[in-house]
Amino acid sequence: QVQLVESGGGTVQEGASLRLSCSASGRTFSSYRMGWFRQAPGKEREFVAAISWISSTSYAASVKGRFIISRDNAKNTVYLQMNSLKPEDTAVYYCAADRSRAVTAGAHQDLYDYWGQGTQVTVSS
């Protein structure tokens with residue numbers, strides 16, 4: 001079992017930055033593929049960013065150039081640095097983990113076996 005705990009959400013003004021953190025349990029975190037997804041009110045959950053165990057990354061087109069995903073294996077933590085936030089970034093952000101040791105940063109939700117409870121990000125205009 002892998003437990004994931006997100007933190008760092010909040011309410012900010014348009015153009016501001018936030019950094020989300022996701023702390024994971026497990027002694028083999030360094031081999032996990034990790035992803036960030038989000039769900040806005042009335043919408044389906046969508047891919048935001050992912051990072052493989054060898055630190056290859058992928059991003060949704062809507063956040064590319066503004067968001068950065070990174071990981072610190074010594075701290076069992078993955079981060080999502082969010083810059084130039086827009087009102088349309090408002091959502092609950094979820095962290096997800098895949099223990100398959102995949103080398104690609106997958107965007108499909110079905111690839112991930114474990115999910116956190118989510119953290120709310122609200123961007124006001």
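Residues numbered from 1 in each chain as written. Predicted model: local features only at pLDDT ≥ 70, side-chain atom pairs only at ≥ 80, totals over all residues. Heavy atoms only, no water.

Chemist: Break down unusual backbone geometry for me, citing the residues and quoting the values.
Modeler: In this model, S55 sits at a positive phi of 70°, which is unusual for a non-glycine residue. Along the chain, S55 falls in the loop between β5 (46–51) and β6 (57–59). Phi at R101 is positive, roughly 60°, even though this residue is not glycine. Mapping R101 onto the fold places it in the loop between β9 (91–98) and β10 (114–115). What makes R101 partly exposed here is its relative accessible area of 46%. (Helix = DSSP H or I, 4+ residues; strand = E, 2+ residues; numbered from the N terminus. Buried < 20%, exposed > 50% of the residue type's maximum accessible area, 1.4 Å probe, protein only.)

Chemist: Give a description of the pairing of strand β7 (residues 67–72) that names residues and reports values.
Modeler: One face of the sheet, then the other: side chains in a regular strand alternate in exactly this way. Burial along β7 is one-sided: F67, I69 and R71 are buried, and none of I68, S70 and D72, which face the opposite way, are. Relative to strand β8 (residues 77–82), β7 is paired through six bridges, and the arrangement is antiparallel. Bridging across to β8, R71 finds its partner in V78. Hairpin connection between β7 and β8: a loop of four residues separates the two successive antiparallel strands, and N76 in this loop has a positive phi of roughly 50°. (Pairing = 2+ DSSP bridges.)

Chemist: Go over the sheet that holds β8, please, and point to the residues and values.
Modeler: Pairing is antiparallel across the open sheet formed by four strands, whose spatial order is β1-β3-β8-β7. With one partner strand each, in any of the chains shown, β1 (4–7) and β7 form the two edges of the open sheet. Strand-to-strand, the axes of this sheet are offset by a mean angle of 15°, without reference to chain direction. (Axes fitted to C-alpha atoms, helices over the stretch in contact; angles between N-to-C directions.)

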